[in-house]
Amino acid sequence: MNKKWMYAMGAACLLAACRPAAEKGDGTLDVIDVAGAYEQQTELKVSDLGQHVRYVPLETTDSCLVGNEPKIMVLEKQLVVLTNQTAYCFDKESGRFLNAIGHTGEDPRGYSTNEPAYNPRNGLFYFVRYPDQLQRYDAQGRYQDKVKVETPPNLPTSFAFLDTLMVGHYNNLAQMNKHNHALGLFTEAGLLTDTIESTLPPMPPMEITDIASISVLRLGIAQAIYTRFGDGTSSYSIASPTTLWNYDGELRFKDTFNDTVYNVSAAGELTPAYVFGTGERRLEPKARWSDVEVKGTLLPVLVLETPRNIFFQCAEDLRKAVNGVYDKQAGTTRMCDEEKGLTDDVNHFLPFRPSACSAQGEYAQLVEAADVVDFLDENPEAKENSALAPLLGVGEEDNPIVVLVE
């Protein structure tokens, strides 16, 4: 398996080195010109992602109050909002509350984290239950069963699905794993059938007691975790919601500290799909665990892909985020500071900050109700805009509003 990975990695690096600009090349691999776009930053607009914007106020009742810092999943007919304790399912068209999907807890049906993987093949959500299980629920909130996952030696941090396989990503956030696997391929019953080794330099063996301090830095949607150890060494890790995702029948994979996006096959083979060309600003993978200078570097940390374009975020100096949009048809890349968001040149609403996308090609954002109320108060003329009519009945204590761009 190492040879398969090394061959793919070598081909991707060679192509990236030879073609710094975004182009199709030999017809099999795009190189997205991150370095060039970063040097010539320009305003990003909603129309760079899509032409139609829709607003879905989520129903607010005592049964579905959304807490702080929620996340969203966009399915074909449902909007799933992930909170600290559970997942709430809403109708995608009307915003009507449908049902809760499980809950965190130690009881037999509880799960440990509220960021499930969704399997479109069977319509089930898979929630992680430490130390070695996945709890399965359907979209109606009915508990199905649990899957015991073979752990060599620990549970992957995230999952996606390829045919009848579950594919797990080992993020190694705490660097406590005794292996250097990037991916594990599992049967639906949780049996490990294959592994793919990481291209990242392996971490020196460490234990929890070796950690002196941990700092968390927000990088747009992603986070950087900076760990200092008692012996004076240090490491960086990246926590991103997009390391594995399904796109147009393919399973995509992007490892942290890697500029290449791969397709994963059911045979465990990795084929480069496209490369983020960071040029001289590339962050060396060994920065993961050594005191490599990070100033002046760019590292792709988030990828949201639709048929028309790719929205991505790069970490600048591992300290702040920069937004980017790659137009697949035109082969062009544009970038702008993440703090500015994307200017809404379609309906002239608040800046758009996508945090998820759907298989149907929609980008999504959750907007706090209080922010909507403040915007309408400060811009009374916006109330005459028929496109913003769904927002007029929003109260500042209501659930968030989902903004969909397609």
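Given the structure is predicted, the values throughout are model-derived calculations rather than measurements.

1. What about the confidence of the model for the protein chain?
- Here the protein chain shows a mean pLDDT of 90. Residues at 70 or above account for 91%.
- With pLDDT under 50 throughout, residues 1-25 is counted as low confidence; its partners more than four residues away or in other chains account for 52 contacts.

2. Focus on the sheet that holds strand β27 (residues 363-367)
- Sheet architecture is open: 4 strands sit in the order β2-β28-β27-β26, paired in antiparallel fashion. Each end of this open sheet is capped by a strand with a single partner; those strands are β2 (53-57) and β26 (356-357).
- Across 5 bridges, the pairing between β27 and strand β28 (residues 401-405) is antiparallel. Its bridge partner lying in β28, Leu366 is registered against Val402.

3. Observations concerning the sheet that holds strand β7 (residues 117-119)
- Sheet architecture is open: 4 strands sit in the order β7-β8-β9-β10, paired in antiparallel fashion. The two strands at the open ends of the sheet, each matched to only one other strand, are β7 and β10 (143-148). Between one strand and the next, the sheet's axes are offset by a mean angle of 30°, whatever the strand orientation.
- One ladder, built from 5 bridges, connects strand β9 (residues 133-138) with β10; its direction is antiparallel. In the strand pairing of β10, Gln135 is matched with Lys146.

4. Some words on the environment of Ala387
- Its place among the elements puts Ala387 in the loop between α3 (369-378) and β28.
- Among the residues examined, Ala387 registers a relative accessible area of 27% and is labelled partly exposed.
- Sequence separation between Ala387 and Thr209 is 178 residues; the distance between their C-alpha atoms is 56 Å.
- Ignoring anything within four residues of it in the chain, the contact list for Ala387 reads Tyr55 and Asn347.

5. So, the nonpolar core
- Within the largest apolar cluster, 26 residues are counted, with the highest numbers of intra-cluster contacts made by Leu49, Tyr55, Phe311, Phe352, Val372 and Leu391.
- Residue contributions to this core peak at 4 residues, all from α3.
- If sequence neighbours within four positions are ignored, Tyr55 has contacts with Asp344, Asn347, Phe349, Ala387, Leu388, Pro390, Leu391, Ile401, Val402 and Val403.
- By size, the runner-up hydrophobic cluster in this structure holds 21 residues, among which are Ile32, Tyr247, Val261 and Phe312.

Procedures and definitions
Residues numbered from 1 in each chain as written. Predicted model: local features only at pLDDT ≥ 70, side-chain atom pairs only at ≥ 80, totals over all residues. Heavy atoms only, no water. pLDDT = per-residue confidence, 0-100. Contact = heavy atoms within 4.5 Å. Pairing = 2+ DSSP bridges. Helix = DSSP H or I, 4+ residues; strand = E, 2+ residues; numbered from the N terminus. Axes fitted to C-alpha atoms, helices over the stretch in contact; angles between N-to-C directions. Buried < 20%, exposed > 50% of the residue type's maximum accessible area, 1.4 Å probe, protein only. Core = buried A, V, L, I, M, F, W, Y, C linked by side-chain atoms within 4.5 Å.

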